[in-house]
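Coordinates in review
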Amino acid sequence: MEPRVGAAVAEGLDGWLPTPVIRVQHRREANVDAVSLWRAAGAITLADTRALGALVRLRIPGLTPATRFDEMFRSAPFNPLCVADGVLVSGLVGRIWTLRRDYPSLPDAAAFREWRERGTVRVLFANWVEPLPQGRSALVSETRVDAVDRIARLGLTTLAPLITGSHSLIGSDGLAAAVRRAEAGRRAETAPR
């Protein structure tokens, strides 16, 4: 597998949401190759991420602690938009600030691109791995939110404190857990027997 790298992924995200109201990116480097890091990231569960996993479960009912992030981003209410070696991009639409969990399912990726229902947002979740020199790699997560109209922008203001207070959990809980798992796997493979 030769994963796509950051510039290509970022250009692709601009095709989905070029001018988001909110854009948050986190990146963690690891002392393992890109394939191993991506494999480890795919195995991370909500339980592996403590506070981040609890927050996700609060916002999306029905998820168990054993749910893998990879599996979550590939199923409702998320809509997989781009799935390739080393890249997973998913979308979510609706009124994310309500407690009703108003996240409609979409039939395909084109429906995400065309979504314009009044008073809603489109949220893009992109995760990818980048190979680095000397057998290292980086895991990147970017979230973009685009408000369909003024009403949606107002709704987003109610989430601002939650976003500000919790977005760092993506890096400190989610990406860090993947890096730890990948590096632990490498140590186990190279340990003398």
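From a predicted model like this one, the values you see are computed outputs, not experimental measurements. (Residues numbered from 1 in each chain as written. Predicted model: local features only at pLDDT ≥ 70, side-chain atom pairs only at ≥ 80, totals over all residues. Heavy atoms only, no water.)

1. Some points on empty space enclosed by the protein
Within the structure shown, the criterion is met by 1 cavity of 30 Å³ or more. Here the largest cavity defines a volume of roughly 950 Å³. If you go around the largest cavity, you meet 38 residues; those closest to its centre are Leu-52, Val-56, Phe-125, Thr-143 and Ile-170. In terms of residue count, strand β5 (residues 137-147) provides more of the lining of the largest cavity than any other element does, 5 residues in total. A breakdown of the residues in the lining of the largest cavity according to their chemical character gives 28 nonpolar, 7 polar and 3 charged. (1 Å grid on protein atoms, 1.4 Å probe; cavity = no way out; pocket = protein on both sides within 12 Å on 5 of 7 lines; lining within 4 Å. Points joined across faces, edges and corners; volume = space filled by probe spheres on them. Helix = DSSP H or I, 4+ residues; strand = E, 2+ residues; numbered from the N terminus. Nonpolar A, V, L, I, M, F, W, Y, C, P; charged D, E, K, R; others polar.)

2. What about the packing of aromatic side chains?
For the coordinates displayed, the defined rule picks out 4 aromatic pairs. Ring geometry for Phe-78 versus Phe-125: centroids 5.3 Å apart, planes at 75 degrees, classification edge-to-face. Here the residue Phe-78 occupies a position in the loop between α4 (69-72) and β2 (79-84), and Phe-125 occupies one in strand β4 (residues 121-131), the gap between them amounting to 47 residues. Each of the two residues, Phe-78 as well as Phe-125, counts as buried. In textbook terms, an aromatic cluster arises when at least three aromatic residues are bridged by ring pairs, as seen for Phe-73, Phe-78 and Phe-125. The aromatic ring of Trp-16 is capped on one face by Arg-113, whose charged end is 3.9 Å from the ring centroid. One Lys or Arg, Arg-122, reaches over the ring of Phe-112 and ends 5.5 Å from the middle of that ring. (Phe/Tyr/Trp six-rings, centres within 6.5 Å; stacked < 30°, edge-to-face > 60°. Buried < 20%, exposed > 50% of the residue type's maximum accessible area, 1.4 Å probe, protein only. Lys NZ or Arg CZ within 6 Å of the ring centre and 35° of its normal.)

3. Focus: the pattern of salt bridges
Summed over the entire model, instances satisfying the criterion amount to 13 salt bridges. For Asp-70, the salt bridge is made with Arg-68, and the minimal N-O distance between the two is 3.5 Å. (Salt bridge = Lys/Arg side-chain N within 4 Å of Asp/Glu carboxyl O.)

4. What about helix α3 (residues 50-59)?
Residues separated by three or four positions in an α-helix point in the same direction, a consequence of the helix having 3.6 residues per turn. Leu-52, Gly-53, Val-56 and Arg-59 are the residues of α3 that are buried. Projection of α3 onto a plane perpendicular to its axis shows the buried side chains occupying an angular sector of 130 degrees, all on one side. Opposite its buried face, α3 presents the exposed residues Arg-50 and Leu-58, each directed more than 90 degrees away. (Arc of directions from axis to C-beta.)

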